[in-house]
Structure formats: structure tokens, C-alpha cells
Amino acid sequence: MNQAQLPYVALYLLSTFLASVSQVLLKKAALREHKSLLAEYTDWRVILGYGLFVGCSLLTMLAYKGVPLNVGPVLEATGYLYVTFFGVVIFHERMNPKKIGALVLIIVGILIYAL
């Protein structure tokens, strides 16, 4: 990877992070009681979450101007790390040995590819 690609890699990582934030917003909305189906879909968390997803898609397309196609999935894998972090910190989900092992494999895969 050369120096000119780094801003595009940063843009891709930002996009992946924001997509993870949008997943948190959607889960927060899903955990709430809503008066009706319409209220469920007009919840500000749902609107913002889907808006972020659209924005992330556009950012990812822009990032691919400088990120090789074979690097994109590796950068996308960082989303699993963000989602796990948010799950533990925000939703108080518990980590078990299988989840930890899976995260270690993801990190090792990213590191191997980066080398």
C-alpha cells in the first residue's frame, strides 16, 4: 500500500465505524416499545441509522477510488471489532471463549494481510 492510498483507507475505516454506529442505533430502536408500526419506523434512531447506512455506502464507494478491491474486505472486517466493542460497552453483552477466539482470528487475519 502506498502513501496516496492512506486517505482512502482512513475513509473506508471511518465508513465501517459509522456503519457500526448505525447498527447500534437500530438495535437501540428495536429494544424500545413503540405505540404502532409507524412509530417504530419513524423513530429518530431508525431514521438516523438508515441515513448513516446510506452515507456509509457512499463513503465506501468513494474510498474504493484509492483502495484496491482486495483490501476492502480486510478493512470491512474491522466492523466486527467495533460491533463487539459496542455490544460489550453499550449493551453489556458477555464475551465467551468462542467470541474471543473469533475476534482473535479476525485480528490475526487483518495483521497477516497487513504484513
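Everything that follows concerns the structure shown earlier in this document.
Residues numbered from 1 in each chain as written. Predicted model: local features only at pLDDT ≥ 70, side-chain atom pairs only at ≥ 80, totals over all residues. Heavy atoms only, no water.

Novice: Even after reading the chapter, I still don't get a nonpolar patch on the surface, so can you show me in this structure?
Specialist: A cluster of nonpolar side chains, Phe 85, Val 88, Val 89, Ile 90, Met 95, Ile 100, Val 104, Val 108 and Ile 112, forms an exposed patch at the surface whose accessible area comes to about 740 Å². When residues in the nonpolar patch are grouped by element, the largest group, 4 residues, is from helix α6 (residues 97–114). One can find Val 88 in helix α5 (residues 78–89). Judged by its relative accessible area of 34%, Val 88 falls in the partly exposed class. (Patch = residues over 30% accessible without salt bridge, like charges linked within 9 Å, V, L, I, M, F, W, Y side chains within 5 Å. Areas by Shrake-Rupley, 256 points an atom, 1.4 Å probe, with all protein chains shown as cover. Salt bridge = Lys/Arg side-chain N within 4 Å of Asp/Glu carboxyl O. Helix = DSSP H or I, 4+ residues; strand = E, 2+ residues; numbered from the N terminus. Buried < 20%, exposed > 50% of the residue type's maximum accessible area, 1.4 Å probe, protein only.)

Novice: In this structure, what is going on with the pattern of salt bridges? I would like to understand it.
Specialist: It is possible for side chains bearing opposite charge to pair when their charged atoms get close. This model, assessed by the stated rule, comprises 3 salt bridges. Between Lys 27 and Glu 93 there is a salt bridge whose closest N-O contact spans 2.6 Å. Of this pair, Lys 27 sits in helix α1 (residues 6–30) while Glu 93 sits in the loop between α5 and α6, and the two are 66 residues apart along the sequence. Taking relative accessible area as the criterion, Glu 93 reaches 35% and is therefore assigned partly exposed. One connected set of salt bridges, linked through shared partners, spans Arg 32, Asp 43 and Arg 45.

Novice: Would you mind showing me how to read the layout of surface pockets here?
Specialist: Leftover empty space is mapped by rolling, across the atoms, a probe with the size of a water molecule. Quantified by volume, the largest pocket comes out at close to 270 Å³. In this structure, the largest pocket is lined by 17 residues; those nearest its centre are Tyr 80, Val 83, Thr 84, Gly 87 and Glu 93. Every element with two or more residues in the lining of the largest pocket is listed here: α1, α5 and α6. The element contributing the most residues to the lining of the largest pocket is α5, with 6 residues. Grouping the amino acids of the lining of the largest pocket by side-chain chemistry returns 10 nonpolar, 3 polar and 4 charged. (1 Å grid on protein atoms, 1.4 Å probe; cavity = no way out; pocket = protein on both sides within 12 Å on 5 of 7 lines; lining within 4 Å. Points joined across faces, edges and corners; volume = space filled by probe spheres on them. Nonpolar A, V, L, I, M, F, W, Y, C, P; charged D, E, K, R; others polar.)

Geometric values such as these leave the question of function open.
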